[in-house]
Amino acid sequence: MEVSIKKTKLDEIEDLLAIQKDVFAEDYALYEDHDSTPVNETTEKLIENIERFFHFTIWLDNDIIGAIDIRPLADKRLRLSKLFLRNEYQNKGLGSKIFQLMESEFPLIKDWSLYTPYLNKRNHHFYEKLGYKKIGEVQVTEKLQLFKYEKIL
């Protein structure tokens, strides 16, 4: 099994939205964040993000298993806005490989950041294992607090 990332094509949107809604359903139920949840992202908004930012589809052999959305912040700084994998491919060791692929797409980037929900201990452990450090917290809604992580290369 070979994992790869490729720039997202518009004909992949339907598959990506279905995966995204499934993957983020648990967070949506927990935090009830109606405005920024990936569960409620529209086709139009995803198209806009693909055209405006760095958006990659994650492939396992010939199957779409997720996506990565990356946003520029400033010179040599990027923010991982969203990374998701089909639930059945989580906790299989693919995440580290995907991060290597993502970082290799941007060899000049020296500063990566991301946000993750405060209750998602599995994500905290994973990001810290990859060299990310928690640098802050943001209260988004009454129920949703995000931890900000950063990695300096």
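Predicted, not measured: the structure shown is a model, and the values here were computed from it.

The rules behind each value
Residues numbered from 1 in each chain as written. Predicted model: local features only at pLDDT ≥ 70, side-chain atom pairs only at ≥ 80, totals over all residues. Heavy atoms only, no water. Phe/Tyr/Trp six-rings, centres within 6.5 Å; stacked < 30°, edge-to-face > 60°. Buried < 20%, exposed > 50% of the residue type's maximum accessible area, 1.4 Å probe, protein only. Lys NZ or Arg CZ within 6 Å of the ring centre and 35° of its normal. Helix = DSSP H or I, 4+ residues; strand = E, 2+ residues; numbered from the N terminus. Pairing = 2+ DSSP bridges. Axes fitted to C-alpha atoms, helices over the stretch in contact; angles between N-to-C directions. Contact = heavy atoms within 4.5 Å. Arc of directions from axis to C-beta. Salt bridge = Lys/Arg side-chain N within 4 Å of Asp/Glu carboxyl O.

(A) Main features of the packing of aromatic side chains. Per the counting criterion, the structure on display carries 11 aromatic pairs. Taking the centre distance of 5.6 Å and the plane angle of 55° together, the rings of phenylalanine 126 and tyrosine 127 count as tilted. Here phenylalanine 126 and tyrosine 127 have matching classes, each one buried. Among the aromatic residues, those joined into a ring-pair cluster are Phe99, Phe126, Tyr127, Tyr132 and Tyr149. The positively charged end of arginine 71 is found above the aromatic ring belonging to phenylalanine 53, 3.9 Å away from the centroid. Here lysine 134 stacks its cationic end above the ring of phenylalanine 147, 3.7 Å away from the centre of that ring.

(B) Quick peek at unusual backbone geometry. Although it is not a glycine, aspartate 61 sits at a positive phi angle of roughly 55°. Relative to the helices and strands, aspartate 61 resides in the loop between β2 (54-60) and β3 (63-74). Judged by its relative accessible area of 40%, aspartate 61 falls in the partly exposed class. In this structure, lysine 76 takes a positive phi of about 60° despite not being glycine. Assignment of secondary structure puts lysine 76 in the loop between β3 and β4 (77-85).

(C) Up close: the sheet that holds β4. Here 7 strands make up an open sheet; going across it, the order is β1-β2-β3-β4-β5-β7-β6 and the pairing mixed. The sheet is open, and its two edges are formed by β1 (3-7) and β6 (133-139), each paired on a single side. With strand direction ignored, the average angle separating the axes of adjacent strands in the sheet is 30°. Pairing geometry for β4 and strand β5 (residues 111-117), over 4 bridges, is parallel. Among the inter-strand pairings, arginine 79 is bridged to a residue of β5, identified as serine 113. On the sheet, helix α4 (residues 94-105) packs against β1, β2, β3, β4, β5 and β7 (145-152) and is oriented at approximately 40° with respect to β1.

(D) Molecular detail of helix α1 (residues 13-23). Turning to α1, its buried residues are Ile13, Leu16, Leu17, Ile19, Gln20 and Val23. Mapping the buried residues of α1 onto a view down its axis gives an arc of 165°, with all of them on the same face. Tucked into the core, α1 has its buried residues touching α2 (25-31), α3 (43-52), β2, β3 and β4.

(E) Summary view of the pattern of salt bridges. In this structure the tally under the stated criterion is 8 salt bridges. The salt bridge partner of lysine 82 is glutamate 41, with a shortest N-O separation of 3.1 Å. With lysine 82 in strand β4 and glutamate 41 in the loop between α2 and α3, the pair connects residues that are 41 residues apart, well separated along the chain. As far as the burial class goes, lysine 82 and glutamate 41 line up, both buried. Between aspartate 111 and arginine 77 there is a salt bridge whose closest N-O contact spans 3.3 Å. Residue aspartate 111 is found in strand β5, and its partner arginine 77 is found in strand β4; the two are separated by 34 residues along the sequence. Classification of aspartate 111 by relative accessible area gives buried; the value is 11%. Classification of arginine 77 by relative accessible area gives partly exposed; the value is 28%.

From the geometry alone we can't say anything about function, so treat these as descriptive.
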